[in-house]
Amino acid sequence: MKTNTFVHKYLKGLINKDDEVVDMTVGNGNDTYLLCKLAKRVIGFDINKEAINNTKERIKEFDNYELILDNHINVDKYIKNKMKLFIFNLGYLPHSKNPTTTKGTETLVAFKKAYDLLMNNGYIIITFYVGHKGGFDEYYLLNKYFNENNILVIEKYQAKSSILEPITFIIKKV
Ligand SMILES: C[S@@+](CC[C@H](N)C(=O)[O-])C[C@H]1O[C@@H](n2cnc3c(N)ncnc32)[C@H](O)[C@@H]1O
């Protein structure tokens, strides 16, 4: 099963129309689209204007969202109440003229802020693209943080075909 298929299947069991959720990297809006369908309200971040525009177009049939053009390390400037779920799909926007790749040190800051803003029994879904050096370093840094800080990982998924496939963690705050 492809990573996206796994994540989307899993998401369907985690959230419903009472929930407020956050997409920390909207990209082309594929995850945001499903979140708009499943949740009450969706807040989406991306650092790349092209990604925000692509996502706006992708989710134009919905009205339950807010898109923010900013680095997701600033998430706490925009969100004050507790959220049910955050999703990080790391890496860069494919085919973009000016792609910006997520950086481990920033992702760690954003993860910690998201965890603080997460309600009890809420979830963080995070996918690492370990097939390139930057993505592997990002995975290593965050995985170390999870292990050293009792972050509860309830599921890990990597498509079987290759160790270079993306790795997804499902994290639960208890
Ligand atoms: C793999 S894409 C996301 C794909 C998207 N979830 C989808 O379903 O189409 C990663 C995105 O992260 C964005 N990004 C990179 N660094 C960021 C940062 N510091 N803050 C917010 N977004 C960032 C990139 O611009 C890119 O659009």
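Quick notes on the rules
- Residues numbered from 1 in each chain as written.
- Predicted model: local features only at pLDDT ≥ 70, side-chain atom pairs only at ≥ 80, totals over all residues.
- Heavy atoms only, no water.
- Near = heavy atom within 4 Å.
- Polar contact = N/O pair within 3.5 Å; in protein donor to acceptor, adjacent residues only side chain to side chain.
- Areas by Shrake-Rupley, 256 points an atom, 1.4 Å probe, with all protein chains shown as cover.
- 1 Å grid on protein atoms, 1.4 Å probe; cavity = no way out; pocket = protein on both sides within 12 Å on 5 of 7 lines; lining within 4 Å.
- Sits in = over half its atoms within 2 Å of the grid points.
- Helix = DSSP H or I, 4+ residues; strand = E, 2+ residues; numbered from the N terminus.
- Contact = heavy atoms within 4.5 Å.
- Salt bridge = Lys/Arg side-chain N within 4 Å of Asp/Glu carboxyl O.
- Buried < 20%, exposed > 50% of the residue type's maximum accessible area, 1.4 Å probe, protein only.
- Phe/Tyr/Trp six-rings, centres within 6.5 Å; stacked < 30°, edge-to-face > 60°.
- Points joined across faces, edges and corners; volume = space filled by probe spheres on them.
- Nonpolar A, V, L, I, M, F, W, Y, C, P; charged D, E, K, R; others polar.

### A word on the site of the ligand
Lining the immediate environment of the ligand, one finds 23 residues, of which Asn28, Asp31, Asp46, Asn71 and His72 sit closest. Interatomic distance of 3.0 Å between a backbone N/O atom of threonine 25 and a nitrogen atom of the ligand. Taking aspartate 46, its side chain carries an N or O atom lying 2.6 Å from an oxygen atom of the ligand. Relative to its unbound accessible surface of 610 Å², the ligand loses 95% to contact with the protein. More than half of the atoms of the ligand fall within 2 Å of the grid points belonging to the largest pocket.

### Points about the side chain of aspartate 19
Along the chain, aspartate 19 turns up in the loop between helix H1 (3–14) and strand S1 (20–23). Only 2.8 Å separates the side chain of aspartate 19 from the backbone nitrogen of asparagine 16, close enough to count as a polar contact. The residues touching aspartate 19, leaving out its near neighbours within four places in the chain, are Leu14, Ala39, Lys40, Arg41 and Lys84.

### Considerations on the side chain of asparagine 48
With respect to the secondary-structure elements, asparagine 48 resides in the loop between strand S2 (41–46) and helix H3 (49–58). Among the polar contacts made by the side chain of asparagine 48, one reaches the main-chain amide nitrogen of glutamate 50 at a distance of 2.9 Å. Ignoring anything within four residues of it in the chain, the contact list for asparagine 48 reads Leu69, Leu93, Ser96, Asn98 and Pro99.

### Concerning the pattern of salt bridges
Here the idea is simple: oppositely charged side chains can pair when their charged atoms come close. The tally for this structure, following the rule as stated, stands at 7 salt bridges. One salt bridge connects arginine 41 with glutamate 20, and the closest N-O pair in it is separated by 3.1 Å. Of the two residues, arginine 41 is situated in strand S2 and glutamate 20 in strand S1; the sequence distance between them amounts to 21 residues. Residue aspartate 76 pairs with lysine 113 through a salt bridge whose shortest N-O separation is 3.0 Å. A residue pair is termed long-range when its members are at least 10 positions apart, and aspartate 76 in helix H4 (residues 75–78) and lysine 113 in helix H5 (residues 104–117) qualify at 37 residues. A residue is classified by how much of its surface remains accessible, and lysine 113, at 24% relative accessible area, is partly exposed. What emerges from the salt-bridge pattern is a single network uniting Glu20, Arg41 and Glu66.

### Examining the packing of aromatic side chains
Within this structure, the stated rule accounts for 12 aromatic pairs. A ring pair is formed by phenylalanine 6 and tyrosine 10, whose centres lie 5.5 Å apart and whose planes are at 45 degrees; its orientation type is tilted. Of this pair, phenylalanine 6 and tyrosine 10 both sit in helix H1, separated by 4 residues, roughly a single helical turn. A relative accessible area of 21% places tyrosine 10 in the partly exposed class. A centroid spacing of 5.0 Å and a plane angle of 50 degrees characterise the contact between phenylalanine 111 and phenylalanine 146, whose relative ring orientation is tilted.

### As for empty space enclosed by the protein
According to the stated counting rule, one finds 1 cavity of 30 Å³ or more in the structure shown. Of the voids in this model, the largest cavity is the one considered here, and its volume is about 30 Å³. At the level of secondary structure, the elements contributing two or more residues to the lining of the largest cavity comprise H1 and strand S4 (83–89). The element best represented in the lining of the largest cavity is S4, accounting for 3 residues. For the lining of the largest cavity, the class distribution of residues is 3 nonpolar, 3 polar and 1 charged.

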